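Read off the chains here:
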Amino acid sequence: MKKLRPLLLKLHRWTGLSVGILLLIQGLTGSVIVFRDDIERVIHPATVVAEAPTRVPVQRIIDVARAAHPNETITRVEFSRWSDGAALVKLTDPDTKALRMMSVDPFRGTIVRDGTLLSWPTELLFQIHYTLLAGDTGETIVGIEGLALLFMAITGPIVWWPGIKRIKNGFRVLWRGNVDRRWRTLHRAWGAAAAILLLVSATTGTMMVWKDEFRSVLRLFGQVTAKPTPKVAKMPGAEMLPVDRLVARAQAEYGATPLRQLRFSSGGRVVAVFLDSDLTVRADGTKQIYYNAYTGADLGHYVAGALPAGSEIIDWLYTVHTGMFGGTLTQLLFELSALSLTGLSASGLWLWYSRRFRGRKRVAQAATAKIAETV
């Protein structure tokens, strides 16, 4: 292993240099979106509404959004886990695919906030984190970043390892003296301490990008159920059912748990009702029921806690990646992971810059001084 360390160190450095700026972006955006729902309530106080004895029908929220932007398509409605939180409606321009978000008071049916993606900072950061605002190509780049981070999270501790007897020295930071030495020892010590968290983040993030490929691998070992993707043809002249009837049916047949989301597909002709799942311990686990918007026919379901093991593993990826699996404590740990990635990326880039450019400058200055002494 000692003979391999110089090679691994070189590969570790060049991998970090290749994706350093991208990983810096991932760390910065990730550190914000871990608590994005909490942050939204602070930076957009209008989304915190006064509670009332009754809520308006869900269909009214949809109608209000459609009336405000009749040329845009509603893709989903998200309902807050806070009792005083506004419902969030997401719309897409059918031509430009630009995203718009709107908050609607669920007690009064009034719009309390409305704007494009640029006016919703945490959602913008989420989209940067997920796709770099570059669609499928950006998502692939993010997956490659994840593989690079995975490699560095594995090779970093191998290169760092000082041996059992000198383990304390491995975490020693030389604060005095040379600035580069201070940053180098801090980079090594912090990287070793954060390696496990970064390993988990890189692994889950990469698997999320290539979820279909991962699902195919899991099928080699057992059953994996994919989410339904039903399509419904247009029925000219037919009216769509109020979504409240679909929600009521879902709660009657699948359990009266709180409504979390509505998603619209196939031109709005398929409505997916997302209810909290009481069959799983996963914090974001839902019961997803797909309905024909015209007839109310059940087109399929996907219920967390009642799925094959392979499907449950796939669904846990996002929960683990965001730190939601253990509540606030694990979210704080993954906040630390994101901040660590930010710091390690920045310090790694600085060390490369200092070694390549500032080091050359120091050598040149020393040579000039030596020449001056001999004159």
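For the structure, check the block above.
The structure displayed is predicted, hence computed values, not measured ones.

(A) Fine view of a nonpolar patch on the surface. On the surface, a cluster of nonpolar side chains totalling about 430 Å² of accessible area is made up of Trp14, Trp352, Tyr353 and Phe357. Element by element, the count of residues in the nonpolar patch is highest for helix α11 (residues 328-374), at three residues. As for its position among the elements, Phe357 is in helix α11.

(B) Up close: the environment of Val19. Mapping Val19 onto the fold places it in helix α1 (residues 5-33). Placed 126 residues apart in sequence, Val19 and Glu145 show a C-alpha to C-alpha distance of 6.5 Å. Residues contacting Val19, with those up to four places away along its chain left out, are Ala148 and Met152.

(C) Structural view of unusual backbone geometry. The backbone phi angle of Lys97 is positive, close to 65°, even though this residue is not glycine. In the Ramachandran plot, Leu132 falls in the positive-phi region, its phi being about 60° despite a non-glycine side chain.

(D) The environment of Ile61, seen in detail. Relative to the elements of secondary structure, Ile61 occurs in helix α3 (residues 58-68). Each C-alpha atom, one on Ile61 and one on Gly16, is 47 Å from the other, the two residues being 45 residues apart in sequence. Leave out the neighbours within four places in its chain, and Ile61 touches Val56, Val77, Phe79, Ala87, Val89, Val104 and Pro106.

(E) Region of the structure containing the nonpolar core. Counting residues in hydrophobic clusters, the biggest one holds 27 residues, and the most contacted among them are Val77, Val89, Leu262 and Val273. Setting aside residues no more than four positions away along its own chain, Val77 makes contact with Ile61, Ile62, Ala87, Leu88, Val89, Arg260, Gln261, Leu262 and Phe264. Ala148, Ala194, Leu198 and Ala202 belong to the second-largest nonpolar core, a separate cluster that totals 11 residues.

(F) The packing of aromatic side chains, seen in detail. What the rule picks out here adds up to five aromatic pairs. Here the aromatic rings of Phe325 and Phe334 are separated by 6.0 Å at their centres, their planes lie at 90°, and the arrangement is edge-to-face. The class of Phe325 is partly exposed, set by a relative accessible area of 37%. With relative accessibility at 6%, the residue Phe334 sits in the buried group. An aromatic cluster is present here, built from Trp160, Trp161 and Phe171 joined pairwise through their rings. The cationic tip of Arg36 hangs over the ring face of Phe126; the distance from NZ or CZ to the ring centre is 4.1 Å.

(G) Just the packing of α1 against helix α5 (residues 135-160), in detail. Two numbers describe how α1 lies on α5: the axes approach to 8 Å, and their chain directions differ by 140°. Classified by the interaxial angle, the pair formed by α1 and α5 is oblique. Note that α1 runs across α5; the crossing there is left-handed. Contacts from Arg5, Leu8, Leu9, Leu11, His12, Thr15, Gly16, Val19, Leu22, Leu23 and Gln26 in α1 reach Ile141, Val142, Glu145, Ala148, Leu149, Phe151, Met152, Thr155, Gly156, Ile158 and Val159 in α5. Counted by class, the contact of α1 with α5 contains 14 nonpolar, six polar and two charged residues.

(H) Quick peek at the sheet that holds strand β1 (residues 73-78). With respect to topology, eight strands assemble into an open sheet ordered β4-β3-β2-β1-β5-β6-β7-β8, the strand pairing being antiparallel. Edge positions in the open sheet fall to β4 (111-116) and β8 (298-303), since each of these has one partner strand only. On average, each strand axis in the sheet is inclined to that of its neighbour by 15°, with strand direction left out of account. Sheet topology note: the β1/strand β5 (residues 259-265) ladder contains three bridges and is antiparallel. The partner of Glu78 across the bridge, within β5, is Gln261.

Here is what the cut-offs are and how they apply
- Residues numbered from 1 in each chain as written.
- Predicted model: local features only at pLDDT ≥ 70, side-chain atom pairs only at ≥ 80, totals over all residues.
- Heavy atoms only, no water.
- Patch = residues over 30% accessible without salt bridge, like charges linked within 9 Å, V, L, I, M, F, W, Y side chains within 5 Å.
- Areas by Shrake-Rupley, 256 points an atom, 1.4 Å probe, with all protein chains shown as cover.
- Salt bridge = Lys/Arg side-chain N within 4 Å of Asp/Glu carboxyl O.
- Helix = DSSP H or I, 4+ residues; strand = E, 2+ residues; numbered from the N terminus.
- Contact = heavy atoms within 4.5 Å.
- Core = buried A, V, L, I, M, F, W, Y, C linked by side-chain atoms within 4.5 Å.
- Buried < 20%, exposed > 50% of the residue type's maximum accessible area, 1.4 Å probe, protein only.
- Phe/Tyr/Trp six-rings, centres within 6.5 Å; stacked < 30°, edge-to-face > 60°.
- Lys NZ or Arg CZ within 6 Å of the ring centre and 35° of its normal.
- Axes fitted to C-alpha atoms, helices over the stretch in contact; angles between N-to-C directions.
- Parallel < 35°, antiparallel > 145°, perpendicular 65-115°, else oblique.
- Left-handed = near helix turned anticlockwise from the far one by under 90°.
- Nonpolar A, V, L, I, M, F, W, Y, C, P; charged D, E, K, R; others polar.
- Pairing = 2+ DSSP bridges.

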